[in-house]
Amino acid sequence: MALDAARELVRQGHEVTALTSAGQYDGAGAQASREAGIRVVRLWTPAGIPRAAAWLLFTLQARQRIPQLDWDTCILMTDPPLLPWLIRHVRQRAGSWRRIVAWLMDLYPEALAASGRMNEKCVFYRTFLRSRQRSLMNADLLVCLGETQRERLGAELLEKVRCEVVSPWDRREGVVRTQEGKLREMGLYAGNLGEAHGYRQILAAAPHLSKGWSVRFAVRGAKECALRREAAGLGNVQVTGYASEAETPELLASARVHLITMSPGWEGVVVPSKLYGCVRTGRPVLFLGPERADTAIEIRKHGWGETLPTDAKSEDVARAIERLGNAPTKDWKLEDGAKKF
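Note that the coordinates shown come from a computational prediction; the quantities given were computed from them, not determined experimentally. (Residues numbered from 1 in each chain as written. Predicted model: local features only at pLDDT ≥ 70, side-chain atom pairs only at ≥ 80, totals over all residues. Heavy atoms only, no water.)

Ranked by internal contacts, the top residues of the largest apolar core, which has 45 residues, are Ile66, Trp71, Leu136, Leu142, Leu153 and Leu275. Of all the secondary structure elements, the ones that give two or more residues to this core are helix H3 (51-65), strand S3 (73-76), helix H4 (87-94), strand S4 (99-103), strand S5 (141-144), helix H12 (274-280), strand S11 (285-288) and helix H13 (294-302). Counting residues per element, this core draws most heavily on H12, which supplies four residues. Setting aside its immediate chain neighbours within four residues, leucine 275 contacts Ile260, Val285, Thr295, Glu298, Ile299 and Trp304. Residues Ile202, Ala206, Ala226 and Leu308 belong to the second largest nonpolar core, which totals 28 residues. (Core = buried A, V, L, I, M, F, W, Y, C linked by side-chain atoms within 4.5 Å. Buried < 20%, exposed > 50% of the residue type's maximum accessible area, 1.4 Å probe, protein only. Helix = DSSP H or I, 4+ residues; strand = E, 2+ residues; numbered from the N terminus. Contact = heavy atoms within 4.5 Å.)

A few words now on the environment of proline 168. Inspection of the secondary structure assignment puts proline 168 in the loop between strand S6 (163-165) and strand S7 (184-192). Among the residues examined, proline 168 registers a relative accessible area of 3% and is labelled buried. Placed 63 residues apart in sequence, proline 168 and alanine 231 show a C-alpha to C-alpha distance of 30 Å. Setting aside chain neighbours within four positions, we find proline 168 in contact with Met1, Leu145, Val271, Ser273 and Tyr276.

Taken in spatial order, the four strands line up as S3-S4-S5-S6 in an open sheet, and their pairing is parallel. Two strands bound the open sheet, and with one partner strand each, they are S3 and S6. Put simply, the sheet's adjacent strands are angled 20 degrees from each other on average, direction ignored. Examined bridge by bridge, S4 and S5 share three bridges and lie parallel to one another. (Pairing = 2+ DSSP bridges. Axes fitted to C-alpha atoms, helices over the stretch in contact; angles between N-to-C directions.)

Taken together, six strands build an open sheet; the order of strands is S9-S8-S7-S10-S11-S12 and the sheet is parallel. Because the sheet does not close on itself, it has two edges, and the strands there are strand S9 (237-241) and strand S12 (305-308). Within the sheet, the average angular offset between the axes of one strand and its neighbour, ignoring direction, is 20 degrees. Bridging between S11 and S12 involves four bridges; their strand directions are parallel.

Taking 1.5 Å per residue as the helical rise, helix H6 (residues 123-136) with its 14 residues ought to reach 20 Å, and the 20 Å between its terminal C-alpha atoms agrees with that figure. Within H6 the residues assigned to the buried category are Tyr125, Phe128, Arg132, Gln133, Ser135 and Leu136. With its buried residues spanning 160 degrees around the axis, H6 presents them on a single face. (Expected span 1.5 Å × (residues − 1). Arc of directions from axis to C-beta.)

Turning next to the state of the cysteines. On inspection of all chains with the given rule, the structure shows zero disulfides. Left without a disulfide partner, cysteine 74 is nearest to the cysteine sulfur of cysteine 144, which lies 17 Å away. Between cysteine 144, a cysteine without a disulfide, and cysteine 163, which holds the nearest cysteine sulfur, the sulfur-to-sulfur distance is 3.6 Å. (Disulfide = S-S within 2.5 Å.)

Those residues of H4 not exposed but buried are Ile87, His89, Val90, Arg91 and Ala94. On its buried side, H4 packs onto H3, S3, S4 and H6.

So, on to the pairing of S7. Looking at chain direction, S7 and strand S10 (residues 255-261) are connected through three bridges and run parallel. The residue bridging glycine 187 from the neighbouring strand is valine 257, located in S10. Note that S7 and strand S8 (residues 214-220) share seven bridges and pair parallel. Looking across to S8, one finds that glycine 191 is bridged to valine 219. Read as a crossover between parallel neighbours, the route from S7 over helix H9 (residues 200-205) to S8 is right-handed. (Right-handed = clockwise from strand over helix to strand, strands pointing away.)

Time to look at the layout of surface pockets. Roughly 470 Å³ of internal volume is contained in the second largest pocket. For the second largest pocket, the lining is made up of 27 residues, of which Ser167, Tyr276, Glu298, His302 and Glu335 are closest to its centre. Those elements that place two or more of their residues in the lining of the second largest pocket are H12, H13 and helix H15 (337-340). Here the lining of the second largest pocket takes six residues from H13, the largest share from any one element. (1 Å grid on protein atoms, 1.4 Å probe; cavity = no way out; pocket = protein on both sides within 12 Å on 5 of 7 lines; lining within 4 Å. Points joined across faces, edges and corners; volume = space filled by probe spheres on them.)

So, about unusual backbone geometry. The omega torsion of the bond from aspartate 79 to proline 80 falls at 5 degrees, within 30 degrees of zero and hence cis. In this chain, tyrosine 108 is followed by proline 109 through a cis amide linkage whose omega measures 15 degrees.

Right, let's talk about the packing of aromatic side chains for a bit. Tallied over the entire structure, the rule returns seven aromatic pairs. With centroids separated by 6.3 Å and ring planes inclined at 75 degrees, the aromatic side chains of tryptophan 55 and tyrosine 108 adopt a geometry described as edge-to-face. Remark: tyrosine 108 occurs in the loop between S4 and helix H5 (110-114) and tryptophan 55 occurs in helix H3; sequence separation between them is 53 residues. The class for tyrosine 108 is buried, based on a relative accessible area of 17%. (Phe/Tyr/Trp six-rings, centres within 6.5 Å; stacked < 30°, edge-to-face > 60°.)

Within the structure shown, the criterion is met by one cavity of 30 Å³ or more. Reported here for the largest cavity is a volume of approximately 50 Å³. Contributing to the lining of the largest cavity are Thr78, Pro81, Pro84, Trp85, Leu104, Asp106, Leu107, Tyr108 and Arg132. Split by residue class, the lining of the largest cavity holds six nonpolar, one polar and two charged. (Nonpolar A, V, L, I, M, F, W, Y, C, P; charged D, E, K, R; others polar.)

Right under this line is the structure:
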């Protein structure tokens, strides 16, 4: 999405500098560096160090480099999660006339509480949250991925800083409306399987599917190893690695039903962008997660499929998968979030 937004800014006549780590995210950094109007500045992050250490090292380097660069508007994202804490420092060093935007992909420290790593009542969490809120007060604009995420920021902050909701989007080439001949009797979970996502409700539903139906997980993330262990005895469940950019369009086009999950407590903290690639195929989506999650709200609003709570009975999940699988392929029109951003 950052690359899409950069391209759209260039199209409108802007120059874009992207401050990134040395690592790649599905090749996006290398691709951006070859495009006219986009300059990529890489910060040093050694390979093999723990993720938290890499985040901290990147943030410290960004704190020094951002004020030195020539820009009118600085867009700070939330990976690394500490970048929003730089707003006040950047404001002081770079000049008040420059604009600062915080593009909130995930919310921290809320993610630490949702994962169980931190208690919301502890002093460190409350201090962490107050510090984040004070930093965001210095922004000119906040961009959230959904209304529930926006609400989590609190009325006091929203009264003082303009906040826009720009839903995730998917501009990837090759992801198109699927054809009936390509479809398999399959429910597909494709994407990240991190701490915010569950899988056991899908595994529990698999034995209740009709003959010929299967479930495929094409994933990576913190829960991948556990998923592989628990799915080993299920004959109609396949677990594969994360699909490459080249493999993704064909994979998405093969599923009659797309599956998305979210664990309780993560609503508004994260907003899975995978929904929008699935919808481009015209096939329905089954979301298993909190009712107030932005993904659930979008599915109900646009009629993109069905939602069930995480404690839904396995038989009900299986029936929903097959019911959606028999639905016709649609041609849903999606808003181009890059242009709105």
